[in-house]
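If you want the building blocks of each chain, they are given just below.
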Amino acid sequence: MFNKKKNSFPFSLISPDTEITGNIHCDGELQIDGKVTGDLNVTQLIIGESGLVEGNIIAKQVQVRGQVQGGINADSVTLEPSARVTGDIEHDTLSIQAGAHIQGQLNHRAKPSNVTPLDKANEG
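Residues numbered from 1 in each chain as written. Predicted model: local features only at pLDDT ≥ 70, side-chain atom pairs only at ≥ 80, totals over all residues. Heavy atoms only, no water.

Asker: Explain the overall build of the chain here, please?
Answerer: Across its full length, the chain carries one helix and 13 strands. Taken from the N to the C terminus, the helices and strands of the chain come in the order β-β-β-β-β-β-β-β-β-β-β-β-β-α. Expressed as a percentage of its 124 residues, the buried residues of the chain come to 35%. Counting only contacts in the chain whose residues sit at least 6 apart along the sequence, the fraction spanning at least 24 positions is 7%. Carbon and sulfur atoms make up 47% of the accessible area of the chain, which totals about 7,500 Å². (Helix = DSSP H or I, 4+ residues; strand = E, 2+ residues; numbered from the N terminus. Buried < 20%, exposed > 50% of the residue type's maximum accessible area, 1.4 Å probe, protein only. Contact = heavy atoms within 4.5 Å. Areas by Shrake-Rupley, 256 points an atom, 1.4 Å probe, with all protein chains shown as cover.)

Asker: Even after reading the chapter, I still don't get the nonpolar core, so can you show me in this structure?
Answerer: Looking at soluble globular proteins, one finds that nonpolar side chains tend to be buried together. Counting residues in hydrophobic clusters, the biggest one holds 23 residues, and the most contacted among them are Leu30, Leu40, Leu45, Ile57, Val64 and Ile72. Setting aside anything within four residues of it in sequence, one finds Leu30 in contact with Ser12, Ile14, Ile24, Leu40, Val42, Gln44, Leu45 and Ile46. (Core = buried A, V, L, I, M, F, W, Y, C linked by side-chain atoms within 4.5 Å.)

Asker: Would you take a moment to explain the pairing of strand 5 (residues 40-47) for this structure?
Answerer: Where a strand is regular, its side chains alternate between the two sheet faces. Burial within strand 5 is extensive, with six of its eight residues counted as buried. In the sheet, strand 3 (residues 24-32) pairs with strand 5 via seven bridges, with the strands oriented parallel. Bridging from a neighbouring strand, His25 pairs with Asn41 of strand 5. (Pairing = 2+ DSSP bridges.)

Asker: Could you clarify how one ought to interpret the sheet that holds strand 6 (residues 52-54) in this entry?
Answerer: Sheet strands line up and pair through hydrogen bonds in the backbone, either parallel or antiparallel. Across the sheet, six strands lie side by side as 2-4-6-8-10-12; this open sheet has parallel pairing. At either end of the open sheet lies a strand with only one pairing partner, and these are strand 2 (19-21) and strand 12 (101-103). Ignoring strand direction, the axes of neighbouring strands in this sheet form an average angle of 5°. In this sheet, strand 10 (residues 84-86) lies alongside strand 8 (residues 67-69) in parallel orientation, the contact comprising three bridges. By the bridge assignment for strand 10, Gln69 is matched with Thr86. (Axes fitted to C-alpha atoms, helices over the stretch in contact; angles between N-to-C directions.)

Asker: How should the side chain of Glu80 be read in this particular structure?
Answerer: Tracing the backbone shows Glu80 in the loop between strand 9 (72-79) and strand 10. An unpaired buried charge is present at Glu80: no salt bridge exists, and Arg65, the closest side chain of opposite charge, is 4.7 Å distant. A polar contact of 2.8 Å, which involves the side chain of Glu80, links it to the side chain of Gln63. If we skip the residues at most four places from it in the chain, Glu80 touches Gln63, Val64, Arg65, Gln97 and Ala100. (Lys, Arg positive; Asp, Glu negative; His and termini not counted. Salt bridge = Lys/Arg side-chain N within 4 Å of Asp/Glu carboxyl O. Polar contact = N/O pair within 3.5 Å; in protein donor to acceptor, adjacent residues only side chain to side chain.)

Written out as structure tokens, the structure is:
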């Protein structure tokens, strides 16, 4: 999954038979195998194959194996073959495995300092 350091934040799990309604803020790693209706603001998020998130996600790292109905805004997004996302994804890095389904826009977050305008690129 993600890096397992001795001093890392604890791991939290929402089991398959659990449904939560409300927003969640988590500074550690969260795995959702149940259903969450609400917005998530987490450091590391794993949505298991049986997991469903109905809301927007803000995170550093997101790995989707289940379903997301809402937007994802993360530094790193990985969509596994069983992933089903309905919503826009804003990312720095994105990995999409064959079989993943996305209905929405993919937006790469580019810092202006890293982008060379086309007119200046052609001059060089």
